[in-house]
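# Per-entry structural report
Next come the chains, spelled out residue by residue.
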Amino acid sequence: MKSFLAVLTVVAAIMAVWYVACVPMNIHGVLVEAERGGADVVPATARERRDIGAVALVTRNGFAIPATWAQDRPRLPAPHQVAIELWDTTLNKKITSKRSLVYHGWVTLSATMLGFVIGTVLGILLAVGIVHSRVMDMSVMPWAIVSQTIPIIALAPMIIVVLYSVGVQGILPKAVISAYLSFFPVVVGMVKGLRSPDGMQLDLLRTYNASRTQGFWKLRLPSSIPYLFASLKIGIAASLVGAIVGELPTGAVAGLGARLLAGSYYGQTVQIWAALFAAAILAALLVGLLGLMERVVLRRMGVAS
Amino acid sequence: MMLVLFAILLWLSGWWINTRLAEGPQANSRAVRLAVPLIFGLTVLAVWELLVRGLNVPLVILPAPSLIAVRFAQSTGLLWQDFMQTFVKGALSGYVLGCGAAFLTAILVDRSDFLRRGLLPVGNFVAALPIVGTAPILVMWFGFDWESKAAVVVVMVFFPMLVNTVAGLSETTQMQRDLMETYAASYWQGFFKLRLPAAMPFIFNGLKISTTLALIGAIVAEFFGSPTMGMGFRISTSVGQLALDMVWAEIVVAALAGTLFYGAVALLERVATFWHPSQRG
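Residues numbered from 1 in each chain as written. Chains lettered and ligands numbered in written order. Predicted model: local features only at pLDDT ≥ 70, side-chain atom pairs only at ≥ 80, totals over all residues. Heavy atoms only, no water.

### As for the overall build of chain A
Counting secondary structure elements, chain A contains 12 helices and 0 strands. In chain A, the succession of α and β elements from N to C terminus is α-α-α-α-α-α-α-α-α-α-α-α. Rg of the C-alpha trace for chain A: 26 Å, well past the compact-globule value of 19 Å for 305 residues, more than 25% over. Overall, the C-alpha framework of chain A stretches about 90 × 55 × 40 Å when taken along its three principal axes. Nonlocal contacts in chain A, meaning residues at least 24 apart in sequence, comprise 72% of its contacts between residues at least 6 apart. Total accessible area computed for chain A in this model is approximately 15,400 Å², and 67% of it derives from carbon and sulfur atoms. (Helix = DSSP H or I, 4+ residues; strand = E, 2+ residues; numbered from the N terminus. Rg over C-alpha atoms; globule rule 2.2 N^0.38 Å. Contact = heavy atoms within 4.5 Å. Areas by Shrake-Rupley, 256 points an atom, 1.4 Å probe, with all protein chains shown as cover.)

### Focus on a positive patch on the surface
Taken together, the side chains of A:Arg134, B:Arg30, B:Arg33 and B:Arg270 present a region of like positive charge at the surface. The topology assignment puts B:Arg270 in helix 11 (residues 244-272). Taking relative accessible area as the criterion, B:Arg270 reaches 49% and is therefore assigned partly exposed. (Patch = residues over 30% accessible without salt bridge, like charges linked within 9 Å, V, L, I, M, F, W, Y side chains within 5 Å. Salt bridge = Lys/Arg side-chain N within 4 Å of Asp/Glu carboxyl O. Lys, Arg positive; Asp, Glu negative; His and termini not counted. Charge placed at Lys NZ, Arg CZ, Asp CG, Glu CD. Buried < 20%, exposed > 50% of the residue type's maximum accessible area, 1.4 Å probe, protein only.)

### Quick word on the UniProt feature "transmembrane region" (unreviewed entry) in chain B
Residue and element names in this part refer to chain B. The UniProt record marks residues 32-52, 59-80, 92-110, 122-144, 150-170, 202-226 and 246-268 with the feature "transmembrane region" (unreviewed entry), using the residue numbering of this structure. Secondary structure across residues 122-144 divides into 61% helix and 0% strand, with the first and last C-alpha atoms of the span separated by 30 Å. Between the C-alpha atoms that bound residues 202-226 the distance is 34 Å, and the span itself is 84% helix and 0% strand. (UniProt positions renumbered as here; feature names shortened; annotations may be inferred.)

### A look at the interface of chain B and chain A
Contacts between chain B and chain A engage 52 residues on the former and 52 residues on the latter. Taking both sides of the interface into account, the surface hidden between chain B and chain A amounts to around 4,400 Å²; carbon and sulfur atoms contribute 83%. Summed over the three residues of chain B that lose the most area to chain A, namely B:Arg117, B:Pro130 and B:Trp141, the buried surface amounts to 14% of that side. Here chain B and chain A share 0 salt bridges between them. The tally of links between chain B and chain A comes to 3 residue pairs in polar contact (both at pLDDT 80 or more). Counting residues per element, the ones that place at least two in the side of chain B that touches chain A are helix 1 (2-23), helix 2 (30-54), helix 5 (113-127), helix 6 (135-142), helix 9 (187-222), helix 10 (231-240) and helix 11 of chain B. (Buried area = accessible area lost by both parts, 1.4 Å probe. Polar contact = N/O pair within 3.5 Å; in protein donor to acceptor, adjacent residues only side chain to side chain.)

### What to know about the pattern of salt bridges
This structure, assessed with the given rule, holds 12 salt bridges over all chains. Its salt-bridge partner being A:Lys174, residue A:Glu247 comes within 3.2 Å of it at the nearest N-O pair. Note that A:Glu247 is positioned in the loop between helix 10 (212-246) and helix 11 (256-266) and A:Lys174 in helix 8 (residues 171-194), a separation of 73 residues in sequence. There is no split in this pair, since A:Glu247 and A:Lys174 are both buried. Among the ionic pairs, B:Asp113 bridges to B:Arg116, the shortest N-O distance being 3.7 Å.

### Examining a nonpolar patch on the surface
Residues and elements named next belong to chain A. On the surface, Leu114, Val117, Ile118, Val121, Leu122, Leu125, Ile171, Leu172 and Val176 cluster together into a nonpolar patch covering about 690 Å² of accessible area. Elements represented by at least two residues in the nonpolar patch include exactly helix 5 (101-132) and helix 8. The biggest single contributor to the nonpolar patch is helix 5, with 6 residues. As for its position among the elements, Leu172 is in helix 8.

### Concerning helix 8 of chain A
Between its terminal C-alpha atoms helix 8 of chain A stretches 32 Å, which fits the 34 Å expected from 24 residues at 1.5 Å a residue. For helix 8 of chain A, a buried count of 18 out of 24 residues is recorded, marking the element as mostly surrounded by other parts of the structure. (Expected span 1.5 Å × (residues − 1).)

### Thoughts on the packing of helix 12 (residues 269-301) of chain A against helix 6 of chain B
Helix packing for two helices is described by the angle between their axes and how far apart those axes are. Closest axis-to-axis distance for the helix 12 of chain A/helix 6 of chain B pair is 9 Å, and the angle between their directions is 145°. Residues A:Thr269, A:Ile272, A:Trp273 and A:Leu276 of helix 12 of chain A touch helix 6 of chain B, and the partners they reach there are B:Pro136, B:Ile137, B:Met140 and B:Trp141. Split by residue class, the contact of helix 12 of chain A with helix 6 of chain B holds 7 nonpolar, 1 polar and no charged. (Axes fitted to C-alpha atoms, helices over the stretch in contact; angles between N-to-C directions. Nonpolar A, V, L, I, M, F, W, Y, C, P; charged D, E, K, R; others polar.)

### A short note on the environment of B:Thr86
Residues and elements named next belong to chain B. You can see Thr86 is positioned in helix 4 (residues 76-111). Thr86 sits in the buried class, given a relative accessible area of 1%. Each C-alpha atom of the pair Thr86 and Ala218 lies 6.2 Å from the other, and the pair is 132 residues apart in sequence. When near neighbours in sequence (up to four residues on either side) are disregarded, Thr86 contacts Ala91, Ala218, Ile219, Glu222, Gly230, Met231 and Gly232.

### Concerning helix 2 of chain B
Residue and element names in this part refer to chain B. With 25 residues, helix 2 extends 36 Å between its outermost C-alpha atoms, agreeing within 8% with the 36 Å of an ideal straight helix rising 1.5 Å per residue. For helix 2, every residue scored as buried is listed here: Val32, Val36, Pro37, Phe40, Gly41, Thr43, Val47, Trp48, Glu49, Leu50, Val52 and Gly54. Note on helix 2: the residue one or two positions beyond its end, Asn56, has a positive phi of about 55°.

### As for the packing of helix 1 of chain B against helix 2 of chain B
Residue and element names in this part refer to chain B. Here helix 1 crosses helix 2 at 175°, and the two axes come no closer than 9 Å. With respect to helix 2, the element helix 1 is oriented roughly antiparallel. Counted together, Leu3, Val4, Phe6, Ala7, Leu10, Trp11, Gly14, Trp15, Ile17, Asn18 and Leu21 of helix 1 and Val32, Val36, Ile39, Phe40, Thr43, Val44, Ala46, Val47, Leu50, Leu51, Arg53 and Gly54 of helix 2 form the full contact between these two elements. The residue makeup of the contact of helix 1 with helix 2, split by class, is 18 nonpolar, 4 polar and 1 charged. (Parallel < 35°, antiparallel > 145°, perpendicular 65-115°, else oblique.)

### Some details on unusual backbone geometry
Positioned with a positive phi, A:Asn209 is a non-glycine residue whose angle comes to about 65°. Topologically, A:Asn209 is positioned in the loop between helix 9 (199-207) and helix 10. You will see that B:Ala184, though not glycine, has its phi angle at about 60°, which is positive. Examined against the element boundaries, B:Ala184 turns out to sit in the loop between helix 8 (174-182) and helix 9.

### Observations concerning the domain arrangement of chain B
All names here are of chain B. Assigned domains of chain B: these are domain 1 (1-55) and domain 2 (65-279). Relative to domain 2, the C-alpha centre of domain 1 lies at a distance of 35 Å. Counting residues at the interface gives 4 residues for domain 1, matched by 4 residues for domain 2. Approximately 350 Å² of surface area, both sides summed, lies buried where domain 1 meets domain 2, with 68% of it carried by carbon and sulfur atoms. Across the contact surface, domain 1 and domain 2 share 2 residue pairs in polar contact (both at pLDDT 80 or more). (Domains from an automatic or database assignment.)

Below, the structure written as structure tokens:
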């Protein structure tokens, strides 16, 4: 309860700061419109206003403050503007419409999910290989770690062009980037998990005369599940970033990334913010869903209470 | 066809050497542990080269490593300029600002229980979000030059760093803190002598995560507008011209910069947290 109150206070404080910040951020644009509408603006021309600080402008033109929260193309949209745009484009549009965020979100989500599944499966397979083969461990693992340190996103535009030139387009190139991004967290987490049984437990299995396969299915795999879920949560967030970034360089027409790019081309700030929040909500939902699955699975396994 | 066969042969022999090395008696020596991944990497490069040449893969799809190396050598001036713009001006300045701000915020959070309860869940939440999406907004605010890239990086590294530092600062046990109290240590004495050193492994974890994020942020932000230089700019324009060897050259630069950056932070960590169990052995 105390924590809930504290979170609420912090969120409220962020909102308040946001509203206050809108005023100086948007004042220049608002005053230009007010001047056109015939209102008395204190430094009369736009050129004079350019040299004056935003805060000074606000204090001299107090009447313009409400308008800074209701501009058409603000530099910083007010929270309620974003909320209205989000509401409008998710619930009031047909989901097949090009203006619906559900449509764009679905395009991104499907690429994310496909990539996430591919990346996870490949990651688990590689991890199993690494744990069972010393050669693979010694050759591949260092490169897996190095690849974590390079900005994989840099590969994104190239992957898309390469796949396009061999005739693959649509969802798959984006899914490949998503898969690439979710691949290594899964490998690293899974290797750690498969190695987590200690010597005592492994010895116990040996005294039971268990084969390597039995040891894998009955001991190593179950004890890797908590590690797996921890890396899946990182992996799915990375997948979503990958799918969004994969939509940027090709001038894709659909998806949250395309929405961001189009908004930035046409100066539609509210649209950018709405797409950004949609992406954030999507990420939170996906991570939350995995967290829920984790709780259920671990409880059924008897690991967590 | 000969080249393809040769590639397969090379792969098998590389694998055979590695198997011998990894399962041989010297497997745990330092030389072998360095040699095995090195051989693996070189085999991959050689196989790549042979396959591309043997199957006549067009340059547009996958350039051979030798072509990339030639392109790299020919355009070092341009690559250096891009590197300075994106990495030094954009990523590095944003990294320093973002991590510094997060560290100071973490101290504030640490001093106030209310802030810890309130800000930390929000920070955890934000850290998992696709913050690269803020790039178009920040480019709109701070202009096309490196300032907007640094701003994107600040936003991206802030929350992971904050979450890690706060977790680190609460790492000490109650007993240790009580001991400091019986010594009549002030908050800052306790902070610098006990809690900051104990937090160091966590802080460096945050710093290491942030190195990758910083480069990603700076490169992605350039897709939303940049002056006519920078790694992200060069990648997106070279892709448009189908100059894939240039794209790969930039990727090599990004990989080198990312690895060296990470390595430098890891080295610093070794120096600063030499006492920690994970640094032994």
